[in-house]
Structures are given as C-alpha cells and as structure tokens.
Amino acid sequence: MAQPYFIIRSESDPEFIGVTNGIKQADILREGFENPENYDHLMSSLGSRNYWNIKHLIPQMEFELECAKLLPEAIRTDFLMFGPVLIGAPYLISAKVSRILDDCKLHNTRRFPAKVLDQEGNTHPYELLYQETMSDSVVDFGKSIYYTGSSLTGRKHVRFASSEEKEDFAEKNFDLKYEELHLNDEFDQSLDFFLNRNGARVISGRLRNKLEEAKATGLIVLPCTNGTEGNPVLIAPYM
C-alpha cells in the first residue's frame, strides 16, 4: 500500500491564531528592516507581478525577512501567516518546525532567515518557507479527474490527455481543480513535502506524524490519499 499523504492548510480559527481576520497574524514592516533594500528586494521578487518574470531565478536568490510584527492579540504559532502575500511562500515556520524539516525530503524548497517581533518587542527566529510547484510529469492523466464548478453550483468533470491540454483548458477555466490526482511511476514516494500544480501543499504520513508528535501549531492537516496499492492517488478534500 502506498504511504498516506495529507494536505496542509493554514489554521484560521481565532481560538488558535488569536485574530479574527483568518488571513494573517503578522505584518512585514519595511521600517523594521535594518537594510530597507532587503525589504524592497523581497517584495519586488516574491510580492509583485515581477515574480512571474523572474520565477526561474528565485531558487538562486537570497532573501532575509528581517521583521514580521505580530498583530495585537495574535498568537505566535509554528506555522505563521503574514501579510503582504508572498508568492510561493505562505508560511513562516518556527525553529521547531525547521528542525523537523531538516530530517525530511522536500521537493524544491528553500528556507530563508526571518524574524518575528512580538508585541513586547521580543524577536523570535523563524524561516520563510518557499516552495516550487511539482511538474505535471508525475501525473497519470489517463486516470486523473478534474472539475470546474463546485458542490453548490454543480461540478462538471473533465479529463485530459496531457499537461499541455490541461494548461490550455485552465487558461479559460480559472476554477479548474482536481478531484482525483493519480501519480505515476515518476513520482518519488520518498518525498515528505511537495506542492502540486493545483496549489495544494502535501506532506507524507511520516512528516504528519513528526509534526503531531512535536505539537506543531498553526496548520490544519487533511487526509488526501485513498490508501490504494501502488502509486498514490491524491483526493482533494474540497468542501
């Protein structure tokens, strides 16, 4: 049986993150950077449309997020949401989570130094987690099922023969999602953390267990595989 995989999502319940906006617990502040040019470099590279022009260069770049200040009432969690949005990097992760990831196999992931400033003026070491999407070359399109619409408006199922066919369809159908994503023999089942082309961040059962044992906070973990024999099949847990 293929090992189980799980989708992770940001925790939005005020009981666990302290704020009611469901979007961010901290703000990246330019005035908190000793070198404001580091802020400008970060935002122009990951926080603007320029990202799509330089995306291929990001893995070779260096960033330092010198100041993310917690909002009043925000709870500092191990997976921390922040604003403004940075493309490909939705979380700051605590030193505890970073140590866990050191022992895991991650797909095309970079971790950049970051600092979180609390309301008392104390700083806490974090890392900015950036991840590239995994290629569709690992998808078995003959078996995979996609859809447009929703459970409320009705789903229209669609299949594709190739990644190119899917991308052409997605250009005119922005609500395209996967229902069953069958992975082929090119998928590396030793991976513990990857980002698929539909924007889902997926962790292995091994990593899920490590995070649970460490009582990591700030994320929701949802099952997304069906326990089939052979290659994993990702089942999207869309509500």
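All residue numbers here refer to positions counted from 1 along the written sequence of the relevant chain. A pLDDT threshold of at least 70 governs which residues receive local features in this predicted model, and a stricter bar of 80 or more applies before side-chain atom pairs are shown or counted, although totals over entire chains, interfaces and linings include all residues. Note: side-chain values were computed over all heavy atoms of the structure, leaving out hydrogens and water.

Engineer: I'd like a description of the side chain of Glu11, backed by residues and values.
Structural biologist: Its place among the elements puts Glu11 in the loop between β1 (5-10) and α1 (14-17). Working definition: with a 1.4 Å probe on protein chains only, accessible area under 20% of the residue-type maximum means buried, over 50% means exposed, and in between means partly exposed. For the purpose of charge, His is not counted, nor are the chain termini; Lys and Arg are scored as positive and Asp and Glu as negative. Any Lys or Arg side-chain nitrogen found within 4 Å of a carboxyl oxygen on Asp or Glu counts as a salt bridge. Buried and unpaired, Glu11 has no salt bridge, with Arg9 as the nearest side chain of opposite charge at 11 Å. In this structure the side chain of Glu11 is engaged in a polar contact, spanning 2.9 Å, whose partner is the backbone nitrogen of Asp13. Contacts are assigned to residue pairs that have any heavy atoms within 4.5 Å of one another. With residues near it in sequence (within four places) discarded, Glu11 still touches Phe16, Ile17, Met81, Gly218, Leu219 and Ile220. Numbered from the N terminus, helices here are DSSP runs of H or I no shorter than four residues, and strands are runs of E no shorter than two. Two N or O atoms form a polar contact when they lie within 3.5 Å of each other; inside protein one atom must be a possible hydrogen donor and the other a possible acceptor, and for residues adjacent in sequence the pair counts only when both atoms belong to side chains.

Engineer: Any chance you could break down the nonpolar core for me, citing the residues and the numbers?
Structural biologist: Among the nonpolar cores identified, the biggest contains 33 residues, and Leu46, Ile58, Leu65, Leu86, Leu92 and Leu128 are the most heavily contacted of them. Within the residue set of this core, elements represented by two or more residues are β2 (26-28), α2 (36-46), α3 (51-54), β3 (65-70), β7 (109-117) and β8 (123-131). Not counting residues up to four positions away in its chain, the partners in contact with Ile58 are Ser45, Leu46, Tyr51, Phe63, Arg110 and Tyr130. Nonpolar core, defined: a set of buried Ala, Val, Leu, Ile, Met, Phe, Trp, Tyr and Cys residues in which side-chain atoms within 4.5 Å join the residues together. One finds Met134, Phe160, Leu183 and Phe187 within the second-largest nonpolar core, a separate group that totals 21 residues.

Engineer: Residue-level account of the pattern of salt bridges, with values.
Structural biologist: Evaluated as defined, the whole model comprises twelve salt bridges. With its nearest N and O atoms 2.9 Å apart, the salt bridge here joins Arg30 to Asp40. With a gap of ten residues between them, Arg30 in the loop between β2 and α2 and Asp40 in helix α2 connect regions that are remote in the sequence. By relative accessible area, Arg30 is classed as partly exposed at 37%. Taking relative accessible area as the criterion, Asp40 reaches 34% and is therefore assigned partly exposed. Across the salt bridge formed by Arg111 and Glu127, the nearest N and O atoms sit 3.6 Å from each other.

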